[in-house]
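# Structural overview for review
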Amino acid sequence: MAEPGPRGTTTAPKARSEVARRVAGSAAAGCALAGAVAVTVAVVAGPGPGLTGYVSEAGIAGSGHAATYRIGVLALAAALLLVGAALPPGVWVAAPALLATGAVFTAVSGAVTCSAGCPLPPFERATAADLVHGGASIAATAAVVFAMITLAVSGPAGPAVRWLSRVAAALALPLCATVGLAMLVVGRGAVVGVLERLILALAVVWGLATATALALDRRPSSPFRLEDL
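Residues numbered from 1 in each chain as written. Predicted model: local features only at pLDDT ≥ 70, side-chain atom pairs only at ≥ 80, totals over all residues. Heavy atoms only, no water.

### Let's talk about the overall build of the chain
Along the backbone of the chain there are six helices and zero strands. For the chain, the N- to C-terminal ordering of α and β elements is α-α-α-α-α-α. For the chain, the proportion of its 229 residues judged to be buried stands at 41%. Counting only contacts in the chain whose residues sit at least 6 apart along the sequence, the fraction spanning at least 24 positions is 72%. Carbon and sulfur atoms provide 74% of the accessible area of the chain, an area that totals close to 11,400 Å². (Helix = DSSP H or I, 4+ residues; strand = E, 2+ residues; numbered from the N terminus. Buried < 20%, exposed > 50% of the residue type's maximum accessible area, 1.4 Å probe, protein only. Contact = heavy atoms within 4.5 Å. Areas by Shrake-Rupley, 256 points an atom, 1.4 Å probe, with all protein chains shown as cover.)

### Comments concerning helix α3 (residues 94-111)
The end-to-end C-alpha distance of α3 is 25 Å, a good match for the 26 Å that 18 residues give at a rise of 1.5 Å each. Three or more residues of α3 are buried, namely A95, L99, G102, A103, T106, S109 and G110. Buried residues of α3 fall within an arc of 130 degrees about the axis and therefore sit on the same side. In this structure, α3 carries V104 and A111 as exposed residues pointing more than 90 degrees from its buried face. Residues of α3 that are buried make contact with α2 (66-86), α4 (128-152) and α6 (190-216). (Expected span 1.5 Å × (residues − 1). Arc of directions from axis to C-beta.)

### Comments concerning the state of the cysteines
Tallying each qualifying case throughout the model produces one disulfide. Here C114 pairs with C118 through a disulfide, and the sulfurs are 1.7 Å apart. By relative accessible area, which is 6% here, C114 ends up buried. For C118, a relative accessible area of 4% corresponds to the buried category. (Disulfide = S-S within 2.5 Å.)

### Some words on the side chain of S56
By secondary structure assignment, the location of S56 is in the loop between α1 (12-45) and α2. Under the relative-accessibility criterion, S56 is labelled buried at 11%. Contacts of S56, omitting those with residues within four sequence positions, involve Y69, C114, C118 and H133.

### What to know about the nonpolar core
One finds L87, L99, M148, L151 and W206 to be the most contacted residues of the largest nonpolar core, which totals 38 residues. Among the secondary structure elements, those contributing two or more residues to this core are α1, α2, α3, α4, α5 (159-185) and α6. If sequence neighbours within four positions are ignored, W206 has contacts with L99, V144, M148, L151, L164, S165 and A168. Of all hydrophobic cores here, the second largest spans seven residues; its members include V39, A42, A58 and V73. (Core = buried A, V, L, I, M, F, W, Y, C linked by side-chain atoms within 4.5 Å.)

### Some remarks on a nonpolar patch on the surface
Together, L181, L184, V185 and V186 make up a nonpolar patch on the protein surface, roughly 410 Å² of accessible area in all. Position of V186 among the secondary structure elements: in the loop between α5 and α6. What makes V186 exposed here is its relative accessible area of 52%. (Patch = residues over 30% accessible without salt bridge, like charges linked within 9 Å, V, L, I, M, F, W, Y side chains within 5 Å. Salt bridge = Lys/Arg side-chain N within 4 Å of Asp/Glu carboxyl O.)

### What about the pattern of salt bridges?
Within this structure, the stated rule accounts for one salt bridge. A salt bridge links E196 to R197, with the nearest nitrogen and oxygen atoms 3.8 Å apart. As far as burial versus exposure is concerned, E196 and R197 are alike and both buried.

### What to know about the environment of G158
With respect to the helices and strands, the residue G158 is situated in the loop between α4 and α5. For the pair formed by G158 and L87, sequence separation is 71 residues and the distance between their alpha carbons is 9.4 Å.

### A short note on unusual backbone geometry
Here P121 and P122 are connected by a cis peptide whose omega angle stands at 10 degrees. Counting through the fold element by element, P122 comes out in the loop between α3 and α4. Within the chain, C118 stands out as a residue other than glycine whose phi angle is a positive 45 degrees. Tracing the sequence through the fold places C118 in the loop between α3 and α4.

Pasting the structure below:
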């Protein structure tokens, strides 16, 4: 067992924990960047319908870029898990739990591909795979947005992470409400396509920025006590 260090210093186990968290943050940033690049390449280079379609259409069976798309989605799922692992001690347990949930549903959305056009009700007839894929995608987005909200009010997350989460949540909530309403009222089209891309881009930027902030965090794991000063 490591001997406790002098007051005001960090013990060896605590130092190793802080290093592990920063490494997880760095890995999360790398996965988020790699995943975003892979998905963007698949969407831009693929034969999809442009802004009137869904991002997931890049991963349908038979697409020449389906593998690139799936790898990118799995990398983004890994980034969510690693962000959760990089959070400092004392953060509300709901935050890493929500990030883990988002990672699982993101992986499911990448593993279960939709049919051509990724049809969704109420205006289109969907298959079971379409419903699983669409439901997983919605659940993943919801989990990430709720994680933003949780971290926005969690003191131990640190000022940078709280600020990033507040801004991201303030932008994501109206976007999510608008795209949900648009899907029910107008269905597929440029409005839904653009809104979906904005939400996904916001989630990726938030994940990348949060991971970077956690990787660069040099604060002690616990606040100083008056007697430590």
